[in-house]
Amino acid sequence: MIVHKKLPNGFVYIEIKNSSAEAKIALQGAHIFHYKREGKEPILWLSEVSDFEVGKAIRGGVPVCWPWFGFNENKTLPQHGFARTALWKFVGGDEVDEKTTSITLRLTHSDETLKMWCYKFELELKITISDRLSMELKTTNLDRESFTITQALHTYFAVSHISDVAIKGLDKKPYLDALTWKNEVQKGDISFNQEVDRVYQEVDGEILLIDKNRTVHLKNEGSSSVVVWNPWIEKCSRMSAMKPTAYESMLCIESANAFDDFKVIKPNESHTLRAAVY
Ligand code: BG6
């Protein structure tokens, strides 16, 4: 089932339901803000106080950060790019079988995007809802010149309590600590007792989020960088659309092409970033 919905304020989204899972996806930002397997707890975290307003980024779910991750070079343009607040188009949906539904959303350059980023492009996100959440973010260069992107599928995971979780799969990986701007190397699993904001590099295998009663798997392709982020107490109290205690129930593991893992895309060529959560 693929149903198009509209809030009274004009905010539009798509609801998907099949025998294995359900999801909600906003056309603004191609933003998946709900994914839940049948009979299980939601995998994605969504802020209780998030805005569903035209032009404002949703806090939680899977923001699409594109065509830059973090700040642009001179810090004058929106953090994490313009794709997450732009209105995407629904291209089509496919009810593959009773357990599997796919939709594709598309964003292309406009006068507004060309003012911020002077390249012609097509960006498509194919989302497949089954007993796994699969995302394929395809960037195609429609310009005459090559361009460079950094990007992320900035997934917010719901956790029972931040103090009780561990991330496996990044042991011995080098990372840039975005709090100190120092290069470090991960030793063992990641656990949380303070603010964490790191860009892991040379990541190849599966990442596991170990929580009290469940393990969530994340597998990326077309990417060798992963961002791990929890704002902890002080930053959380300053963040938009987040309650001061929200840091306790979420963490982000972001499937990225960030810092050294930027992508140069030539005219008429494409790059696809894939992430599967299960
Ligand atoms: C993460 C960054 O990817 O996104 C953090 O590593 C940042 O530094 C976070 O605070 C949230 O960003 P925003 O723009 O959604 O508030």
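For the structure, see preceding data.
Parameters and conventions
- Residues numbered from 1 in each chain as written.
- Predicted model: local features only at pLDDT ≥ 70, side-chain atom pairs only at ≥ 80, totals over all residues.
- Heavy atoms only, no water.
- Helix = DSSP H or I, 4+ residues; strand = E, 2+ residues; numbered from the N terminus.
- Rg over C-alpha atoms; globule rule 2.2 N^0.38 Å.
- Buried < 20%, exposed > 50% of the residue type's maximum accessible area, 1.4 Å probe, protein only.
- Areas by Shrake-Rupley, 256 points an atom, 1.4 Å probe, with all protein chains shown as cover.
- Lys, Arg positive; Asp, Glu negative; His and termini not counted.
- Charge placed at Lys NZ, Arg CZ, Asp CG, Glu CD.
- Near = heavy atom within 4 Å.
- Polar contact = N/O pair within 3.5 Å; in protein donor to acceptor, adjacent residues only side chain to side chain.
- Nonpolar A, V, L, I, M, F, W, Y, C, P; charged D, E, K, R; others polar.
- Phe/Tyr/Trp six-rings, centres within 6.5 Å; stacked < 30°, edge-to-face > 60°.
- Pairing = 2+ DSSP bridges.
- Axes fitted to C-alpha atoms, helices over the stretch in contact; angles between N-to-C directions.
- Contact = heavy atoms within 4.5 Å.

1. As for the overall build of the protein
- Secondary structure summary: the protein contains two helices and 21 strands in total.
- Taking 2.2 N^0.38 as the reference for a compact globule, 278 residues should give roughly 19 Å; the C-alpha atoms of the protein span a radius of gyration of 18 Å, in line with that estimate.
- In terms of principal-axis extent, the alpha carbons of the protein reach across some 45 × 45 × 35 Å.
- Looking at the protein as a whole, 52% of its 278 residues are labelled buried.
- Total accessible area computed for the protein in this model is approximately 13100 Å², and 47% of it derives from carbon and sulfur atoms.
- For the protein, the distance from the average position of its 35 positive side-chain charges to the average position of its 38 negative side-chain charges is 1 Å.

2. What about the site of the ligand?
- Near the ligand, the surroundings consist of R59, F69, Q79, H80, R84, H154, D197, V227, W229, K235, M239 and E254.
- Within the side chain of R59, an N or O atom sits 2.9 Å from an oxygen atom of the ligand.
- Here K235 contributes a side-chain N or O atom positioned 2.7 Å from an oxygen atom of the ligand.
- Taken by itself the ligand offers 390 Å² of open surface, and the protein chains cover 85% of this.
- Residues belonging to the shell around the ligand are distributed by class as follows: four nonpolar, three polar and five charged.

3. Description of the packing of aromatic side chains
- A complete count under the given rule lists 17 aromatic pairs for this structure.
- Seen in terms of ring centroids, W68 and F82 are 5.9 Å apart; in terms of plane orientation they differ by 80°. Their pairing is edge-to-face. Placement of the pair is W68 in the loop between β5 (64-65) and β6 (89-97) and F82 in the loop between β5 and β6, with a sequence separation of 14 residues.
- Judged by centre distance (4.8 Å) and plane angle (45°), the ring pair of Y175 and Y200 falls under tilted. You can see Y175 sitting in strand β13 (residues 174-177) and its partner Y200 sitting in strand β15 (residues 196-200), a full 25 residues away along the chain. Here the two residues Y175 and Y200 agree in accessibility, since each one is buried.
- An aromatic cluster of at least three residues, connected via ring pairs, comprises W66, W68, F82, W117, Y119, F121 and F147.

4. Here's the deal with the sheet that holds strand β16 (residues 207-210)
- Taken together, the eight strands give an open sheet; going across it, the order is β6-β7-β8-β9-β21-β17-β16-β12, and neighbouring strands pair in antiparallel fashion. The sheet is open, and its two borders are formed by β6 and β12 (166-168), each paired with just one other strand. Pairwise comparison of adjacent strand axes, ignoring direction, gives a mean angle of 15° for this sheet.
- One ladder, built from eight bridges, connects strand β7 (residues 100-108) with strand β8 (residues 121-129); its direction is antiparallel. Bridging from a neighbouring strand, R106 pairs with E124 of β8.

5. What to know about the environment of G188
- Tracing the backbone shows G188 in the loop between β14 (182-185) and β15.
- For G188, a relative accessible area of 28% gives the class partly exposed.

6. A look at the sheet that holds β15
- Spatially, β5-β11-β19-β18-β15-β13-β14 is the arrangement adopted by the seven strands of the open sheet, whose pairing is antiparallel. Both edges of this open sheet fall to β5 and β14, since each of them pairs with a single strand only.
- Bridging between strand β11 (residues 151-158) and strand β19 (residues 250-257) involves eight bridges; their strand directions are antiparallel. Each residue of the ladder has a partner; that of Y156, found in β19, is C252.

7. Digging into the pairing of β8
- Along β8, seven of the nine residues are buried, which leaves the element largely enclosed by surrounding structure.
- Pairing of β8 with strand β9 (residues 133-141), which is carried by nine bridges, proceeds in the antiparallel orientation. The residue bridging L123 from the neighbouring strand is T139, located in β9.
- Two successive antiparallel strands, β8 and β9, enclose a turn made up of three residues.

8. Considerations on unusual backbone geometry
- Residue W66 is joined to P67 through a cis peptide bond whose omega torsion reads 0°.
- By the element assignment, P67 lies in the loop between β5 and β6.
- Of note in this structure, A30 is not a glycine but carries a positive phi near 50°.
- With a phi angle near 60°, E202 is a residue other than glycine that sits in the positive phi range.
- Relative to the helices and strands, E202 is located in the loop between β15 and β16.
- Exposure remark for E202: the relative accessible area of 56% places this residue in the exposed category.

9. Thoughts on the environment of V203
- Tracing the backbone shows V203 in the loop between β15 and β16.
- Note: C-alpha distance between V203 and I162 (41 residues apart in sequence) is 23 Å.
- Leaving out residues up to four positions away in the same chain, V203 has contacts with L170, K173, S223, S224 and V226.

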